Amino acid sequence: MFMRPMFRFVPDGTKIRFMKGRFAGLIVSFILSTASIALFFKPGLNLGLDFRGGVVLQIQTPQKADFSVLRAALASAGLADAGLQSFGSGAGTGVLISLESRANAAETQTAISEVETALHQAAPGATILSTQAIGASVSQQLFSQGLEALGLSFVMILCYIWFRFEWQFAVGAVATLLLDTTKTIGFMVITRIPFDLVTIAAILTVIGYSTNDKVVVYDRMRENLRKYKSMPLRALIDQSINETLNRTLGTSGTVFLAALPLALFGGTALSGFAWIMLFGIVVGTSSSIFIAAPILLFLGEHRLRRGAAAVKVQK
Amino acid sequence: MLYFSRAKTLAIAAVCALGILLSLPNLTPRPGFLPSFFPWNQVHLGLDLRGGSYLLLQLDFSAVEKQDLNSLVDEVRQAMRGATLGYTELHADPGRNQVSLNLLNASDGPAAQAALQKLITYVQGSYNGPSLTLAVSGAAVSLTFPHLALVARESQAIDQSITIIQRRIDGSGVLNPSIARQGQDQIVVQLPGVSDPERIRALIGTTAHMTFQLVDTTAQPGNPVPPLGDEVLPMQDDPGQNVAVLSNVAVDGADLENAQASTDPQSGQWVVNFTLNSVGAREFADVTSANVGKPFAIILDGKVISAPVIREPITGGSGQISGSYTAQSATDLALLLRAGALPAPLSIVEEQSVGPELGADAIRAGALSLAVGFVLVLVFMATFYGLFGWFANIALVMNLFIMLAILSVMGATLTLPGMAGILLTLGMAVDANVLINERVREEVKAGRKPLAALEAGYKRAYGTIIDSNVTTLLAHVTLFIFGSPPVRGFAVTICVGILTTLFTATVLVRLITSRWYVSRRPAALPV
C-alpha cells in the first residue's frame, strides 16, 4: 500500500487566475496589517516576563487552591500587587503568582522569600514548581536584543534575495514579510499570547518559513521569465503560482502538521510558540500568492518585461 | 543520477551508520564491547527540562571603585605623612575616578611627586593594567585611575567573584554547577537539580567581608555625628542599636585561614570557630594584648555581629564567633568565611528555577508532540507521494538520528524551545523532497522518460532547495548570535537541522532512488 500518491491538493493543469484578485488581496492584507498596528498601540502586546520584568512563581497546591485565602495571605505579607491565575488542566491545583517588577534586585529577592513564607502559611504542602524573576534592567536589555535580532534578520534576508534575484523580488519579499509580521503581532495582541524571547523566536521562524515559500515561487517565476520570453508578466506570474501550488500547499501542510501537536499538547511553555507558527504558516502561504506576487507585478510590469524587448531580463 | 561510485555510496552509508551510532548514547547506556576511544556523548538537557536554577548576577562595580579610591586616600595620607609634606582637602572624587589634594606649600610639588610616584608603583602591583596618572600643577595634586585601569580592575573583580562563588557553591554541596562570565560585568550561574535556590541566593548575595575593629568606648552612643576616626555601625541582631567603632581595621577577614561551625560545649549553641594565618595571628595578638578589658567588635558586611570584651591577650590566632546561629546559618557563615569575601556586592538580576516535576512534565509534553508530529508528517508524505514519499520518510528518520548525533557530539544543550526546533526542522525537512518530487512529476507530465524525468527533476530542484534553505539558515544564525541562552538552543537545533536536511533529503534520497531504479527499471514512475 501507499505505493502511489493517494491525493493531490489541486489537480494538474489547474489555472487559477490569482492576479485577478491582486487588489482584493492587497487591500485585505493592508486592512489587516493596519488593524494589527492599531492593536499594537492599543491595547498593546501582552509583554512576557522576559520583557516586562517582575516575578512569576508556579505553584502546585495539594487541594484545589482557594484564591481568597492565598490573596489574603499575600496581602498581609505586604504583596497586595500579587496577581493570581490558575494554570494547567484539572483540579485547579496549579496557581501562577505574579508580581510587578521591583525597584532593585534585593527587593525582588525579599519579595520572593515573602511569597514563599506566605504560601507555607496559606497553603501548607504547596510545592513551588518554578520561580522566574527578571530585573528591569535585564528585561530592557533582553527586549532590545530581541528586536535587534528581528531587525537584523530582515536585513539579511533582504540582502540575500537581492543578491540572488532582481531587486524587485527582494523588495516584494521584504514588504510581504513586514505585512506578515504585523499580522502576527496583531494575532498575538488578540490571543494575549505573551510576547517574550520564545515568541520572538517563533516570529523569526515564521519569517524564515515565509521567505522560504516566497523564494520557491519567485524561483519559478524567474525560470519562467527565461522560458517564456513573450508571455505577459501577469499571465506568467499566474502560471508560476499554479505550477508551484501543490508544492506550496504540500510543504505548508507538513510544517502545519508538525506544529499542530505542539500547539495541542506542548504545554504552556510551547503552545504559544506553536500557535504563532500555525498562524504564520497560513499567513505566509497566502501572502506568497496574494501579496508577494502582486507586488512583483506592480514593480516589475515595466522593468522585468518590456513587451517583446525584454529578452535580456535574466542572466 | 544513477551513477554513484562505490566510494561515494560507502561514504553515504558510513555517515548514516555514524549518525545512528553517535545518537545511541541518548537512548541506551554504553555497551561494554565499544572501544574506549569511541565518544559516548549525550545531548545535555537544559535546566528547563531537567529542573534547576539559572541565576544572572550583576557586579556592583561602583562599590569596587569607591573602595579603591578610599584605600588610595589612605595610602596617599600615609605617603604624605611619611614624606612630612603639609596638605589640605585630601579627598576622593568618584565622578572623575581620582584622588586630589592641595599642598600647603606649592614649592613642595617635586617632593610630593617623588613620594607619590613610589605609591603608584606599589598600587600598580596589585592589578594588571596601566598605572595611575599623577598630575602636579602648582599646589594642586591629583591621582587618576585611567579608563583602561578601571576596565582591567573590573575584569579582575569579575574573575575573583567567579572563583569565590565557585568555592561557595562547591562548599554548599550542589553538584555540577556552571559559573561563567557574561559580557562585561555579569555572571551566569547554573545549578542543575536545585529548584529552590533560597540558600544559594543567600550564599551569593552576601559579600562576607569580615573585619575586627575596636569599639570606641569614649563615644556617646546617642550622638548622631561620630567622633573623627570612628564609624557607627548597627548590630546585626538588633538593627536599632548602634555601636561606634574605630574606622581603623585591626584585623581583616582576608587573613582568615579556616572557619568551622561547631557547638559550644558550655552553652550548647552553634558558633563558628576560626583560625587566622600568621600575619593575622600576629596582628590579633598585638591588638588583644594592648587592649585587655576593652570590647572588640566582629563586623560582617558593615554589621556588628558581636562585641565581646577582651579578657586576656589572644595569641594563638584562633577565636570564636557566637551569636544566635542555627546549625545551617553557622555552617553557611563558616563556608562564606572560608571562601573569602567578594570584591564587590553581587545582585541577582535574573532568576529562573524549574522544579524537577515541571521539567519532567515538559519532557513528556515535548516528546509526545514530537512523536505525534513525526507520525503525522510520515503519513502525509506516504499518502501524498507514495513510494517516493517513503523514500523521503527513510531520510527523515535518518535525519533525526544524524541531528541527534551532531547535537550530542557538539555537547549542545537541549531546551524546550530546542525540542520545538527539532519538530519544525522535521516538518521543513521534507520540503526538499516535496520540491524534487513535484519537479519530477512535472517532467513526467511534460513527456520525459522516467530516467530523464528523475535527472531533470533533481537537477532543477537543487537551486530552489539551496535558495530556500540559505534564507532560513540566515534568519536562525542571526537568532543565535543575538538570542538569549534558551532561544539559542532553538536556533542551534534549526541550523544543525538545515544542514542535516540538505544531506538526507537530497544525497541520501537520491542514492535510495537510484538503487531502486537500477534494480527495478520501471516503465513509469509512481508519481
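Residues numbered from 1 in each chain as written. Chains lettered and ligands numbered in written order. Predicted model: local features only at pLDDT ≥ 70, side-chain atom pairs only at ≥ 80, totals over all residues.

### Notes on the overall build of chain B
Just so we agree on the cut-off: In DSSP terms, a helix is any run of H or I states spanning at least four residues, a strand is any run of E spanning at least two, and both are numbered starting from the N terminus. Only C-alpha atoms enter the radius of gyration, while the globule expectation follows 2.2 Å times N to the 0.38, with N the number of residues.
What chain B contains, in helices and strands, is 13 helices and 19 strands. The C-alpha atoms of chain B give 35 Å as radius of gyration, which overshoots the globular expectation for 527 residues (24 Å, by more than 25%). Principal-axis analysis of the C-alpha atoms places the extent of chain B at approximately 110 × 65 × 45 Å.

### Description of the domain arrangement of chain A
In plain terms, the rule: Domain segmentation is taken from an automatic or database assignment of domains.
Split by domain assignment, chain A resolves into domain 1 (18-48 + 139-312) and domain 2 (54-134). For domain 1 of chain A versus domain 2 of chain A, the separation of C-alpha centres amounts to 41 Å.

### Digging into unusual backbone geometry
Put simply, the rule is: Partly exposed residues are those whose C-beta has more than 12 but fewer than 20 other C-beta atoms within 10 Å; 20 or more makes a residue buried and 12 or fewer makes it exposed, with C-beta atoms placed from the backbone.
The residue after Lys-42 of chain A, namely Pro-43 of chain A, is reached through a cis peptide bond having omega 5°. Mapping Pro-43 of chain A onto the fold places it in the loop between α1 (22-41) and α2 (49-52). The phi torsion at Arg-192 of chain A lies on the positive side, around 60°, for a residue other than glycine. With respect to the element layout, Arg-192 of chain A can be found in the loop between α6 (167-191) and α7 (197-227). A positive phi angle, close to 65°, is found at Ala-208 of chain B, a residue other than glycine. With respect to the secondary-structure elements, Ala-208 of chain B resides in the loop between α6 (198-205) and β9 (210-214). On the basis of neighbour count, Ala-208 of chain B is assigned to the buried category, with 21 C-beta atoms found within 10 Å.

### Considerations on the pairing of strand β5 (residues 133-137) of chain B
Residue and element names in this part refer to chain B. Our working rule: Strands were regarded as paired on the criterion that DSSP finds at least two bridges between them.
As paired elements, β5 and strand β6 (residues 140-144) share five bridges and run antiparallel to each other. Bridging from a neighbouring strand, Ser-137 pairs with Ala-140 of β6. Here β5 folds back onto β6, and the loop between the two strands holds two residues, one of which, Gly-138, carries a positive phi near 65°.

### Quick look at the interface of chain A and chain B
Quick reminder of the rule: Throughout, a residue-residue contact means that the two C-beta atoms, derived from backbone geometry, are no farther apart than 7 Å. Classes in brief: Ala, Val, Leu, Ile, Met, Phe, Trp, Tyr, Cys and Pro nonpolar; Asp, Glu, Lys and Arg charged; the others, Gly included, polar.
Counting residues at the interface gives 64 residues for chain A and 68 residues for chain B. Elements with a contribution of two residues or more to the side of chain A that touches chain B: α4 (105-122), β4 (127-134), α5 (136-164), α7, α8 (233-265) and α9 (267-300) of chain A. Counting residues per element, the side of chain A that touches chain B draws most heavily on α8 of chain A, at 13 residues. For the side of chain A that touches chain B, a count of residues per class yields 35 nonpolar, 23 polar and six charged. Of the strand pairs in this sheet, β4 of chain A and strand β18 (residues 346-354) of chain B are connected by five bridges, and their pairing is antiparallel. Counted as the bridge partner of Ser-130 of chain A is Val-354 of chain B from β18 of chain B.

### Describing the nonpolar core
Using the following cut-off: We define the nonpolar core as any set of buried residues of the types Ala, Val, Leu, Ile, Met, Phe, Trp, Tyr and Cys, connected via C-beta atoms lying within 7 Å of each other.
Membership of the largest hydrophobic core comes to 217 residues, with the highest contact counts inside it found for Ile-276 and Ala-293 of chain A together with Val-377 of chain B. Per-element accounting of this core gives the leading share, 18 residues, to α9 of chain A. Setting aside anything within four residues of it in sequence, one finds Val-377 of chain B in contact with Thr-254, Leu-257 and Ala-258 of chain A together with Leu-396, Leu-426, Gly-427 and Val-430 of chain B. Leu-101, Leu-103, Phe-145 and Ala-149 of chain B belong to the second largest nonpolar core, which has 14 residues in total.

### Some thoughts on the sheet that holds strand β14 (residues 270-276) of chain B
Strands belonging to one sheet form pairs held by backbone hydrogen bonds; the direction of such a pair is parallel or antiparallel. Residue and element names in this part refer to chain B. Where we set the bar: Whenever a helix is involved, its axis is fitted only over the stretch in contact; in every case the axis is a line through C-alpha atoms, and angles between N-to-C directions fall within 0 to 180 degrees.
Judged by pairing direction, the sheet is antiparallel, and its three strands sit side by side in the order β13-β14-β17 without closing on themselves. Sheet topology places β13 (256-263) and β17 (318-325) at the edges, where each strand pairs with a single neighbour. This sheet shows a mean twist of 25° between the axes of neighbouring strands, independent of strand direction. Pairing geometry for β13 and β14, over seven bridges, is antiparallel. Its bridge partner being in β14, Ala-259 is matched across the sheet by Phe-274.

### As for the environment of His-209 of chain B
All names here are of chain B. By the secondary structure assignment, His-209 is in the loop between α6 and β9. Distance in space between the C-alpha atoms of His-209 and Gly-340 is 7.6 Å, their sequence separation being 131 residues. With near-sequence residues (within four places) excluded, His-209 lies in contact with Gly-253, Asp-301 and Ala-341.

### Structural notes on helix α3 (residues 61-82) of chain B
A turn of α-helix holds 3.6 residues, and therefore any two residues three or four places apart point the same way. All names here are of chain B. Here is the rule: Expected helix span is taken as 1.5 Å per residue step, with the number of steps being one fewer than the number of residues. In this description, the arc belongs to the directions extending from the helix axis to the C-beta atoms.
Counted at 1.5 Å a residue, the expected span for α3 with its 22 residues is 32 Å, and the 31 Å between its end C-alpha atoms agrees. All of the buried residues in α3 are Val-64, Asp-68, Val-76 and Met-80. Angularly, the buried residues of α3 cover 130° about the axis, an arc narrow enough to put them on a single face. In this structure, α3 carries Gln-78 and Arg-81 as exposed residues pointing more than 90 degrees from its buried face. Looking one or two residues past α3, Thr-84 carries a phi angle of roughly 45°, positive in sign.

### Side note on the sheet that holds strand β4 (residues 98-103) of chain B
Residue and element names in this part refer to chain B. Read from one edge of the open sheet, four strands run β3-β4-β6-β5, paired in antiparallel fashion. A strand with exactly one partner marks an edge of an open sheet, and here the two such strands are β3 (87-93) and β5. Recorded for the sheet is a direction-independent mean angle of 10° between the axes of neighbouring strands.

### A closer look at the confidence of the model for chain B
Residue and element names in this part refer to chain B. Basically, it comes down to this: pLDDT expresses how confident the predictor is about each individual residue, on a scale running from 0 to 100.
On average, residues of chain B score 85 in pLDDT, and 96% of them reach the 70 mark or higher. At the low end of the mean pLDDT range in chain B sits helix α4 (residues 109-124), at 77; at the high end sits helix α10 (residues 387-410), at 93. The ipTM for the predicted assembly is 0.85, set against a pTM of 0.78.

### Side note on the confidence of the model for chain A
All names here are of chain A. Taken as a whole, chain A shows an average pLDDT of 84; of its residues, 94% reach a score of 70 or greater. Within chain A, no element has a lower average pLDDT than α4, which sits at 82, and none a higher one than α1, at 93. When the criterion is pLDDT under 50, residues 306-315 qualifies, and its contacts beyond four places in sequence or with other chains add up to 10 contacts.

### Side note on the pairing of strand β1 (residues 54-60) of chain A
Residues and elements named next belong to chain A. In terms of burial, β1 is largely enclosed, as five of its seven residues are buried. As paired strands, β1 and β4 are joined by seven bridges and run antiparallel to one another. Within the sheet, the bridge partner assigned to Val-55 lies in β4 and is Ala-133. Bridge count between β1 and strand β3 (residues 94-99): six bridges; the pairing is antiparallel. Paired with Ile-59 across the bridge in β3 is Val-95.

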